[in-house]
Amino acid sequence: MKITSPALIFLLLLVSHSAIAAILKGKVTDEHGTHLPYATVYLEGTTTGVNTNGNGDFELIVQPGLYKVVCQYIGYKQSTFNVTFSGNETIEHNFVLKDQSLEMKEVVVRVTEDPAYEIIRNTIKKREQHLEQVKSFQTSIYFKAVGRSRAMPGKFMGKVVIDERDVVDSIGKGVLYLAEEHADYYSVGGKNKTVIHSVRESGNANGLGLSRFPPVITFYENNVRVLGGDSRGFISPVSDNALMYYKYKLQGQFTEQGHTVYKIAVTQKRAYEPCFNGTIYIVDEDWAIHSLNMSLTQQSGMDMVDTLKIDQLFLPLEKDTWVIKSQVLYFALKIFTFDITGTGVAAYNNQKVNQPIPDSIFADKVVSIYDKQANKKDSTYWKDARPIPLEQDEQHNFISKDSLNKIVNDPHYQDSLRRKENKIKPLGLLTGGLEFHSRKNKNIYTTNPILFGADNMVNYNTVEGFNAAPKLHIRHFIDTGKLLFADIAVRYGFTNTHLNAIARLYHFRQDRTFLNRSWTYGIEGGKYVFQYNPANPVSEWLNSYAALFYRENDLKIFERYDATAYVSRNYGTGITWYLKASYQQRIPLQNSSSYSFIPGGKEGFKSNGPAYLVAAATAWEQHDAALVEASISYKPGIKYVQYPDYKVATGSKWPRFTLSYKKGIPGILNSKSDFDRWCFSVRDDMNLRLLGSLNYHIAAGGFLNSKYVSIPDLMHLYGNRGIGVAAPYLESFQMAPFYDFSNKEPFYGEAHVEYHLKGLLSNKIPLLRQARWYLLVGGNAFYARETNYYTEAFVGIDNIGYKLARLVRIDFVQSWDSRMQSNSGIRVSINLQQLRTTKNYPLHGEW
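This text gives an overview of the structure that appears in the document.

### With respect to the overall build of the protein
And step 1. Broken down by element type, the protein carries ten helices and 44 strands.
And step 2. Put simply, 62% of the contacts in the protein that link residues at least 6 apart link residues at least 24 apart.
And step 3. Within the structure as shown, the protein displays about 40,500 Å² of accessible surface, and the carbon and sulfur contribution to it stands at 58%.
And step 4. Of the side-chain charges in the protein, 95 are positive and 82 negative, and the distance between the mean point of each set is 3 Å.

### Observations regarding unusual backbone geometry
And step 1. Backbone geometry places N441, a non-glycine residue, at a positive phi of 55 degrees.
And step 2. Counting through the fold element by element, N441 comes out in the loop between β24 (435-437) and β25 (443-447).
And step 3. You can call N441 partly exposed: its relative accessible area is 35%.
And step 4. The phi dihedral of R689 is positive, around 60 degrees, even though this residue is not glycine.
And step 5. Inspection of the secondary structure assignment puts R689 in the loop between β38 (674-687) and β39 (693-708).

### Some remarks on the nonpolar core
And step 1. Residues F219, Y248, I264, F276 and I280 are the most contacted members of the largest nonpolar core, which totals 57 residues.
And step 2. The contact partners of Y248, leaving out residues within four places of it in the chain, are D114, A116, Y117, I120, P237, A242, L243, I264, A265 and V266.
And step 3. In terms of nonpolar packing, the next biggest core, distinct from the first, is built from 39 residues, V538, F558, C679 and A736 among them.

### Details of the environment of N122
And step 1. Within the secondary structure, N122 sits in helix α2 (residues 116-125).
And step 2. Considering only alpha carbons, one finds N122 and K325, 203 residues apart in sequence, at a separation of 23 Å.

### Thoughts on helix α8 (residues 540-550)
Each full turn of the α-helix corresponds to 3.6 residues, which orients residues three or four apart in the same direction.
And step 1. When we look at burial in α8, the residues that qualify are L542, N543, S544, A546, A547 and L548.
And step 2. Against the buried residues of α8 lie β26 (458-461) and β27 (465-468).
And step 3. Directly beyond the C-terminal end of α8, a positive phi value near 55 degrees is found at R551.

### A look at the sheet that holds strand β3 (residues 49-51)
And step 1. Judged by pairing direction, the sheet is antiparallel, and its four strands sit side by side in the order β3-β2-β5-β6 without closing on themselves. Edge strands, defined here as strands with exactly one partner in the open sheet, are β3 and β6 (79-85). When strand polarity is set aside, the average angle formed by the axes of neighbouring strands in this sheet is 20 degrees.
And step 2. Looking at chain direction, strand β2 (residues 40-43) and β3 are connected through three bridges and run antiparallel. In the strand pairing of β3, Y42 is matched with G49.

### Here we look at the pattern of salt bridges
One side chain can pair with another of opposite charge once the charged atoms of both are near each other.
And step 1. Scanning the entire structure with this criterion turns up 37 salt bridges.
And step 2. Where K144 meets E394, a salt bridge forms, and the shortest distance between an N and an O atom there is 2.9 Å. Of this pair, K144 sits in strand β9 (residues 136-151) while E394 sits in helix α5 (residues 392-408); the two residues are 250 residues apart in sequence, bridging distant segments of the chain. As far as the burial class goes, K144 and E394 line up, both buried.
And step 3. One salt bridge in this structure joins K471 and D455, with 3.1 Å as the shortest N-O distance. On the criterion of sequence distance, the pair formed by K471 in strand β28 (residues 471-479) and D455 in the loop between β25 and β26 is long-range, its members being 16 residues apart.
And step 4. A relative accessible area of 9% means that K471 is categorised as buried.
And step 5. For D455, a relative accessible area of 25% translates into the label partly exposed.
And step 6. Taken together, the shared-partner salt bridges connect K144, R148, E391, D393 and E394 into one network.

### Observations concerning the pairing of strand β5 (residues 65-72)
And step 1. Here β2 runs beside β5; their pairing, made up of four bridges, is antiparallel. Directly across from Y42, in β5, lies its bridge partner V70.
And step 2. Looking at chain direction, β5 and β6 are connected through seven bridges and run antiparallel. Counterpart to K68 in the pairing with β6 is N82.
And step 3. Between the end of β5 and the start of β6, which pair antiparallel, lie six residues, with G75 showing a positive phi angle near 95 degrees.

### Quick notes on the environment of H623
And step 1. With respect to the secondary-structure elements, H623 resides in strand β34 (residues 623-634).
And step 2. Relative accessible area serves as the criterion here: at 4%, H623 is assigned to the buried category.
And step 3. Between the C-alpha atoms of H623 and R586, which are 37 residues apart in sequence, the distance is 5.6 Å.
And step 4. Apart from the residues within four sequence positions on either side, H623 is in contact with Q584, Q585, R586, K672, S673, Y708 and S710.
And step 5. One polar contact links the side chain of H623 to the main-chain carbonyl oxygen of E621, over a distance of 2.8 Å.

### A short note on the packing of aromatic side chains
And step 1. Under the counting rule described, the total for this entry stands at 40 aromatic pairs.
And step 2. Considering the side-chain rings of F58 and F95, the 5.8 Å spacing of their centres and the 45 degrees angle between planes classify their relative orientation as tilted. Placement of the pair is F58 in strand β4 (residues 57-62) and F95 in strand β8 (residues 95-97), with a sequence separation of 37 residues.
And step 3. On the basis of relative accessible area, F95 is assigned to the buried category, the value being 0%.
And step 4. Among the aromatic residues, those joined into a ring-pair cluster are Y460, F466, Y545, F549, Y550, Y595 and F597.
And step 5. A cation over an aromatic ring shows up here: K377 above the ring of Y381, its NZ or CZ 5.3 Å from the ring centre.

Scoring rules and cut-offs
Residues numbered from 1 in each chain as written. Predicted model: local features only at pLDDT ≥ 70, side-chain atom pairs only at ≥ 80, totals over all residues. Heavy atoms only, no water. Helix = DSSP H or I, 4+ residues; strand = E, 2+ residues; numbered from the N terminus. Contact = heavy atoms within 4.5 Å. Areas by Shrake-Rupley, 256 points an atom, 1.4 Å probe, with all protein chains shown as cover. Lys, Arg positive; Asp, Glu negative; His and termini not counted. Charge placed at Lys NZ, Arg CZ, Asp CG, Glu CD. Buried < 20%, exposed > 50% of the residue type's maximum accessible area, 1.4 Å probe, protein only. Core = buried A, V, L, I, M, F, W, Y, C linked by side-chain atoms within 4.5 Å. Pairing = 2+ DSSP bridges. Axes fitted to C-alpha atoms, helices over the stretch in contact; angles between N-to-C directions. Salt bridge = Lys/Arg side-chain N within 4 Å of Asp/Glu carboxyl O. Polar contact = N/O pair within 3.5 Å; in protein donor to acceptor, adjacent residues only side chain to side chain. Phe/Tyr/Trp six-rings, centres within 6.5 Å; stacked < 30°, edge-to-face > 60°. Lys NZ or Arg CZ within 6 Å of the ring centre and 35° of its normal.

Laid out in structure tokens, this is it:
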């Protein structure tokens with residue numbers, strides 16, 4: 001194609017004109033010189049603009065031309081500035097904003113009622129219209145997240161918190177986290193997608209910031225979810241039932257660009273209701289939100305932080321349509337001697353309402369996607385593209401953390417740190433085990449703790465007496481996404497003098513471009529001690545305590561020679577499956593010790609054979625078993641985040657469905673096992689918003705064939721007869737005997753249901769509401785037939801703790817069963833990794 005000279009000249013002029021950019025910069029303060037953080041500066045008649053930083057500084061880049069620039073801050077009168085840019089130049093102008101002068105005009109109101117109530121009623125009437133009028137929404141977003149420390153100890157729980165490398169000062173004051181991002185956002189019909197074009201994270205050259213920004217908080221929704229996720233949410237001050245929860249007071253009105261705007265103070269009627277407090281500005285006749293300052297505190301039901309403040313400013317895009325221009329979130333948290341604050345500011349530009357959005361935007365179930373070079377932009381790019389100037393400490397943080405990152409990633413520093421961490425710590429060996437790292441973390445070796453942990457080396461039971469069971473776990477890094485694991489366990493009983501050893505080896509291969517997609521292959525072999533129930537319901541360290549101090553031994557075990565092969569697949573799409581084949585030789589064991597700190601004879605301990613199963617003459621003898629097991633699980637509706645180099649699943653609102661099948665195959669190498677067992681389960685956690693949450697796990701199964709079913713192959717309830725410690729919820733029965741209801745029924749059903757009120761009633765009960773403890777109720781049930789069922793109900797309190805550390809739950813449990821037995825008790829749990837859960841190895845190892 002030939003380009004004529006006039007055309008070439010036109011293109012050159014066009015390019016040169018587009019390269020010219022003028023800058024308006026300055027500061028926004030009030031009349032007393034106090035800077036106004038995150039004020040909005042924009043071009044009149046558009047939604048194009050910027051925000052000031054925390055010090056009130058702004059920088060607006062425009063093309064040459066004549067502009068009327070508007071500066072706006074909630075609670076202050078708008079200020080305008082006419083400016084003409086003729087070329088590539090910088091003009092400075094400081095905006096000084098006056099307090100918004102308010103008028104009070106006569107309004108026809110109901111007797112004894114503040115005029116604000118009628119304004120709010122009109123706004124509530126148009127709430128749904130404002131929601132429904134935006135069928136689709138597009139906008140560009142600049143988002144900056146900053147976390148700062150106002151105070152921090154030098155040491156906490158013996159660990160150094162501040163040292164010479166940190167970017168905080170001697171009293172712990174400084175920037176802890178800093179990231180900024182540019183993105184485009186699309187929303188239509190309940191679907192949304194974020195396209196992140198650039199991201200910069202202080203101290204991390206490959207940092208990816210937040211894949212999903214804090215959403216535009218929509219106060220037109222009845223239930224406002226401040227940060228998304230699974231929170232209960234809060235009642236909007238313009239929700240349908242807002243008048244039941246809020247008090248309103250009209251503070252005055254003002255006129256802005258031809259619109260009358262009402263300023264209304266909003267306060268919650270009752271403490272500890274999920275409500276906001278603050279100020280909302282409503283546009284007359286449009287009955288739309290103009291702007292707002294809202295806050296949430298502990299008396300609003302906040303758990304994670306002490307205070308959360310929300311500032312929003314809207315601009316008119318067209319008649320009766322106001323769009324978000326800026327949103328700022330502030331939080332503050334004091335816990336122990338830490339004092340932390342944070343700010344998340346989002347500036348919106350190029351907003352479009354009800355404009356066509358291609359279906360291809362939402363076609364791949366990806367809710368957020370990064371440009372390939374999103375985290376590779378240099379400082380020059382950010383200097384030109386950043387609509388909110390960096391503050392001085394933020395500039396320093398980017399520089400210092402980049403330098404610190406080079407030091408931390410230096411191989412010599414990494415090696416010195418590794419050698420320091422590899423030193424043997426006696427307390428760590430007792431409570432958490434040891435951990436050793438080779439150079440470049442190529443190999444990691446860990447052991448179990450000696451005494452005080454979930455998987456102790458030293459325990460006691462009536463079969464082995466005191467026993468030593470050291471375990472070694474090895475992780476070998478092969479390549480990106482490829483790992484080799486080895487686990488070795490040795491066990492010696494000092495009373496029965498049995499020595500056992502077992503090992504497993506498995507290979508884990510992860511898809512480099514889809515991190516949730518993986519293969520696992522493994523083998524296991526040796527001889528070891530196992531519980532009859534492969535779910536390991538009895539904690540060995542709790543059993544040791546009960547046996548030594550109460551003469552109660554619930555741990556029922558046998559020895560087993562084992563050869564197992566295993567393969568599993570996770571597709572990353574919500575579908576997973578595994579296949580496992582085993583050959584076992586099972587050896588019954590008898591009690592060999594009656595030792596206890598409590599005096600008593602040998603008769604004080606029960607037999608190692610489960611009493612009910614022995615009485616029922618269930619098959620239990622030394623025998624061989626050839627077994628095959630398969631399972632497939634599916635969770636529909638999985639969505640994804642596409643990072644520059646890989647994809648990650650983000651979850652789904654759907655339940656998880658699981659089907660499993662296990663078969664004992666007779667005649668193979670003397671195998672006696674001959675059974676077919678199936679199970680189908682559904683599990684979900686349902687967010688009911690203000691009503692709390694409902695969690696359930698429902699299963700049905702049975703034996704299609706039960707010609708030879710030995711004790712380890714029976715259907716066992718996950719029982720719990722321990723000393724007050726709760727078993728894993730939604731999987732167990734908190735008061736059930738461990739083996740009294742074990743069976744080989746042709747059909748059975750099992751259900752676990754919990755309803756967490758999350759403050760729904762407790763916010764009206766003194767002491768509970770101040771402590772922010774939440775009520776919950778639920779039940780667990782098993783049924784096979786009229787002569788074989790077990791059920792229990794419970795009521796409890798959770799969210800017990802302090803600020804972020806709300807980890808404790810207490811339940812009162814009452815049970816009933818088909819044997820006319822009734823039991824009750826207290827169960828306590830700490831929401832850390834369950835103490836009685838085995839390590840999560842792909843082989844589903846029972847040891």
